[in-house]
Amino acid sequence: MLVSQDLLLYGLLASTNFGLTTASAIKRPRSATTTRERTSINADWRFERFVDAPDSLSYETLRPWILPSANNFLNGDKYEAPGEEAPGSDVEFIQPDFDDQGWEQLDLPHDWAITGTFDAPGVEGGLGRLPINGVGWYRKTLSLEDELIASGKSIFLDVDGAMSYAAVWLNGKFVGGWPFGYNSFRLDLTPFAKSGENQLVIRLENLLDSSRWYPGAGIYRNVWLVTASPVHVAHFGTYVTTPSVSADEATVDVAIEIENAGNSTSQVEIETKIYELDPTSRKPTGDSLATVKSTRVAVEGKSKQAVNGSTTVANPKLWGPPPSQKPNEYIAVSTLSINGTEVDSYETPFGIRTVQYDPLKGILLNGEPVRVYGTCNHHDLGSLGAAFNYRAAERQIQMLQDMGNNALRTSHNPPAPEFLDIADRLGLMVQDEIFDTWSFPKVKNDFHRIFKEWHEPDLRSFIRRDRNHPSIIAWSIGNEIPEQANSTGGETGKILQDIAHAEDPTRQVTNGLNTAKPGSPFTDVIDIIGLNYQGEGKGNSWVSTFPDFQKAYPNKMIWSTESASTVASRGIYIFPVHSNISTIVGAGPGEGADPETQQVSAYGLYAPPWAASQDKVFEQQDKHPYVAGEFVWTGWDYIGEPTPYDNSSRSSYFGIIDLAGFPKERYYLYQSRWRPELAQAKLIPHWTWPDRVGKVTPVHVFTSGDEAELFVNDVSAGRKKKGQYDYRLRWDNVTYSPGSIRVVAYKDGKEWASDSHVTVSEATALNVTADRTTIRGDGQDLSFITVAVVDKDGNTIPQGDNEITFSVSSGPGKIISTDNGDATDMVPFPSHSRKAFSGLALAIVKAEAGSQGEIVIEAKADGLTAGKVVLTAS
Ligand code: GAL
């Protein structure tokens, strides 16, 4: 047991496995010294970053000692550490008595690069220009009670994600490591732990040219100390499946791997009870609904033993995506007992549902065809960087769901574990993806360097960690893998897919194919044909490969693992506007990009040569209805990959939502298609163009209606009806004159929705609003504060770019970062001053841990009336 237990870092949602909330779950006597505890150790670390390694260590020098950390996830030969001590005994930071008081004191999750400036030497625009590179050393003192050490319990370090090449020491001794920065890993501290103070040390290293996007840097996810009886449920040691599901009952199979870290054989009794899961606490609620009959097995010392059992749940409440289904969840509570005393209790949230992959109907969830309205997303959380924050991730998903987005591809790497908890709870379908490269590189120092030794342990541990989540509907073993179209791709793809099938036979496997063709060796292998861009036709081509793949593989499901890649800057309109519904972005007239401002027009018609606008994607999806749906590149903007300004900007233009979280215009186009029942209409552009009087200024309307009438200065510009493959209505010959535009949309001849813009007057004030005005005072929960530059009537100034200064004028609040969604803005994210972009700016605020009361956030700008919002920390 820890002497000082750190505060749980995401409030209500953090879970320890110590104790259950329902009395009925506990029947046997429990011993405080033998049952499991899972404690956050996020608080109070010391950290130092070095651009150049301050030591002679590297992954290469430590590799033979790190490889045994993979052993639990290797089916064949295991690694043995060399007999001699690992390098590092001479490195001062590893020594328990090293004085780290001069190092930065911080709490995890931590991203060392996100607070930096956008000019890190050697870090190109693709990686977001922030200082991700170098060596980071983390140190923390763990105080362990005598009682814990004397009890002989196993003591584990669980790291949800550390970027990257983690190497870990305890009390000066090398423990192990894990190179892939996106995977979660466990290391056994037991042999090195002692009572009293223990010095935990973690070394990370990020190379230049290691990624195609912003990877983040540091221990950027949660870290836990797990203590358990020597006989316990092994790491990622449960697998719950529901092989048969009907309205009357569902079969629930529970496979458990028991580990005995002790020396002698134990007779272990295992029982699993099934409960409904309370979605907020993620704990069991109510009485147990079913029991997997208790069994007894002998588990030899220093070994593992698999135990399989089964039960049935009557009248199951199924998991499925809204709006047609509900994301009900269950939880399996498995207890291990020896001689009648409980020694471990382990909780596995799961869902009861079926998923089928139909080559003609697409995804069938619980028998219902559910078209995939998906987006791809990287892992960063905008100005918070890669440092995981529950509320920020939840907000990302909620905004996507408001658009009608029902699925998400975790491009191109395993997400934070809590991301999947949120997806389960909110009913978001997930394509869980692991790799962007295999043996061939995309950039010099990417995963290909270690693919040979790590693909198996990474893939097995990834699937074992995630396979109980009902939200996951498919595994993806890669994205645009360079070897996809040659024989290596076929061989490697088969190895990886076989591993996925072995770890989880219930789900199919996919991959993002951009060059593989029908008949390519890998295409023959893969379960689900995942196409990146080729389905809709790349660039200005309309030649779709959907029919060729469908003909060649009539028994495989096809979906667009990546579509669109439309580029746009929120609120920016560049003239002339192209007359096609999709065209290649460029600097020429009508091509949508402005090299001077480095912005891209928000009409949503422009994409790089390999990509297309969403309108074109919709048309091709509708013309090929057997395609199961799409994952748009991307739902949210992300740091890095600022195409078409890769050499100058800091963040992407691909998002439907910008980096700050403000929806771009295209958001409403997706919403009109994905939520056809929602009465909505969106009119673009704004109507404040002092330089365009008398000039042609096209007006486009996104609406879930089927017809609309546009009024320019209250005079009808005509009523238009959508044709078969029209997804927007456009009036391309409107001449601008100040005043107003208004649209009235109709559906089935009846008035359905409207929108309007007026020509604004000059800016007079700042209007400050919060997404949530009550937040938990736990140092983790966030309020997202929007500031709009407005005129005397409260209209947002479309071109507003005033410098805004945010402050906490009273109360226990803290501004963590600011943003405006402008991909060219090089002001560091922690700055409290930032220009508005297209009239808006954002500040992210949290309440100090343990605080309560009012927090007043103020925004000021020269010449404007200041604004404020009052938050309550509770
Ligand atoms: C795809 C790639 C994505 C991203 C995207 C940008 O080819 O898979 O990771 O780079 O292009 O359009």
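Residues numbered from 1 in each chain as written. Predicted model: local features only at pLDDT ≥ 70, side-chain atom pairs only at ≥ 80, totals over all residues. Heavy atoms only, no water.

## Details of the environment of alanine 612
In this fold, alanine 612 is placed in the loop between strand E31 (606-607) and helix H9 (614-623). Distance in space between the C-alpha atoms of alanine 612 and glycine 537 is 7.7 Å, their sequence separation being 75 residues. Once you skip the residues sitting within four places of it in the chain, alanine 612 turns out to touch Glu536, Gly537, Ala564, Ser565, Thr566, Ser582, Ala607 and Val617. (Helix = DSSP H or I, 4+ residues; strand = E, 2+ residues; numbered from the N terminus. Contact = heavy atoms within 4.5 Å.)

## Digging into the UniProt feature "domain: Glycosyl hydrolases family 2 sugar binding" (unreviewed entry) in the protein
Cross-referencing UniProt, the feature "domain: Glycosyl hydrolases family 2 sugar binding" (unreviewed entry) maps to residues 132-227 in the present numbering. Within the segment residues 132-227, helix and strand shares are 6% and 50% respectively, and the terminal C-alpha atoms sit 33 Å apart. (UniProt positions renumbered as here; feature names shortened; annotations may be inferred.)

## Digging into unusual backbone geometry
Note the cis peptide between leucine 108 and proline 109, where omega equals -10 degrees. Note that proline 109 resides in the loop between strand E3 (104-106) and strand E4 (134-144). The omega torsion across threonine 643 and proline 644 is 5 degrees, close enough to zero to call that bond cis. Locating proline 644 in the fold gives a position in the loop between strand E32 (629-633) and helix H10 (666-674).

## Details of helix H3 (residues 390-402)
If you check H3, its first and last C-alpha atoms are 18 Å apart, about what 13 residues at 1.5 Å a residue would give, namely 18 Å. Buried residues dominate H3, accounting for ten of its 13 residues. Buried within H3 we find Tyr390, Arg391, Ala392, Ala393, Glu394, Arg395, Gln396, Ile397, Met399 and Leu400. If you follow the buried residues of H3, they end up packed against strand E21 (372-376), strand E22 (407-409), helix H4 (417-426), H10, strand E42 (782-791) and strand E46 (840-847). (Expected span 1.5 Å × (residues − 1). Buried < 20%, exposed > 50% of the residue type's maximum accessible area, 1.4 Å probe, protein only.)

## Considering the sheet that holds strand E47 (residues 853-860)
The strand order E41-E48-E47-E43-E45 describes an open sheet built from five strands, whose pairing is mixed. Taken across any chain shown, the strands that pair with only one partner, and hence form the sheet edges, are strand E41 (774-775) and strand E45 (833-835). Where strand E43 (residues 803-810) and E45 come together, three bridges link them in antiparallel fashion. Its bridge partner lying in E45, glutamate 803 is registered against lysine 835. (Pairing = 2+ DSSP bridges.)

## A short note on the confidence of the model for the protein
Keep in mind that low pLDDT regions are not for reading the predicted coordinates in detail. In the predicted model, the protein carries a mean pLDDT of 95, and 96% of its residues have values of at least 70. Note that residues 1-28 has pLDDT below 50 and, in this model, 90 contacts with residues that lie over four places away or in other chains. (pLDDT = per-residue confidence, 0-100.)

## What to know about H9
Note: α-helices contain 3.6 residues per turn, so residues at a spacing of three or four share the same orientation. Counted residue by residue, H9 has eight buried out of ten residues, so it is predominantly covered. Every buried residue of H9 is accounted for by Gln614, Asp615, Lys616, Val617, Phe618, Glu619, Gln620 and Gln621. The secondary structure elements touched by the buried residues of H9 are helix H8 (546-552), strand E27 (558-564), E32 and H10.

## What about the packing of H3 against H4?
Contact geometry for H3 and H4: axes closest at 10 Å, N-to-C directions at 40 degrees. Compared by their axis directions, H3 and H4 come out oblique. Viewed along their axes, H3 and H4 form a crossing whose handedness is right-handed. Contact residues: H3 offers Tyr390, Ala393, Glu394, Ile397, Gln398 and Gln401, while H4 offers Glu418, Phe419, Ile422, Ala423, Arg425 and Leu426. (Axes fitted to C-alpha atoms, helices over the stretch in contact; angles between N-to-C directions. Parallel < 35°, antiparallel > 145°, perpendicular 65-115°, else oblique. Left-handed = near helix turned anticlockwise from the far one by under 90°.)

## Let's talk about the sheet that holds strand E11 (residues 231-245)
Sheet strands associate in pairs through backbone hydrogen bonding, adopting either a parallel or an antiparallel arrangement. With antiparallel pairing, the three strands of this open sheet are ordered in space as E11-E12-E15. Of all the strands in the sheet, the pair left with one neighbour each is E11 and strand E15 (303-314). Neighbour-to-neighbour, the strand axes of this sheet turn through a mean angle of 15 degrees, independent of strand direction. As paired strands, E11 and strand E12 (residues 249-260) are joined by nine bridges and run antiparallel to one another. Along E12, the bridge assignment pairs threonine 241 with aspartate 253.

## Here's the deal with the nonpolar core
Judged by nonpolar contacts, the single largest core of 200 residues is most densely connected at Trp45, Trp137, Tyr138 and Trp559. Ranked by residues supplied to this core, first place goes to H3 with six residues. (Core = buried A, V, L, I, M, F, W, Y, C linked by side-chain atoms within 4.5 Å.)

## Notes on the pairing of strand E10 (residues 223-228)
Among the six residues that make up E10, six are buried, leaving the element largely enclosed by the rest of the structure. Burial along E10 is two-sided: Val223, Leu225 and Thr227 and Trp224, Val226 and Ala228, pointing in opposite directions, are all buried. Bridging between strand E1 (residues 37-40) and E10 involves four bridges; their strand directions are antiparallel. Following the sheet pairing, arginine 38 is matched in E10 by valine 226.

## Examining the pattern of salt bridges
Tallied over the full model, the rule gives 42 salt bridges. Two residues, lysine 721 and glutamate 707, come together in a salt bridge whose shortest N-O distance is 3.6 Å. Taken together, the residues lysine 721 in strand E36 (residues 715-721) and glutamate 707 in strand E35 (residues 707-712) connect sequence positions 14 residues apart. The exposure class assigned to lysine 721 is exposed, which follows from its relative accessible area of 57%. (Salt bridge = Lys/Arg side-chain N within 4 Å of Asp/Glu carboxyl O.)

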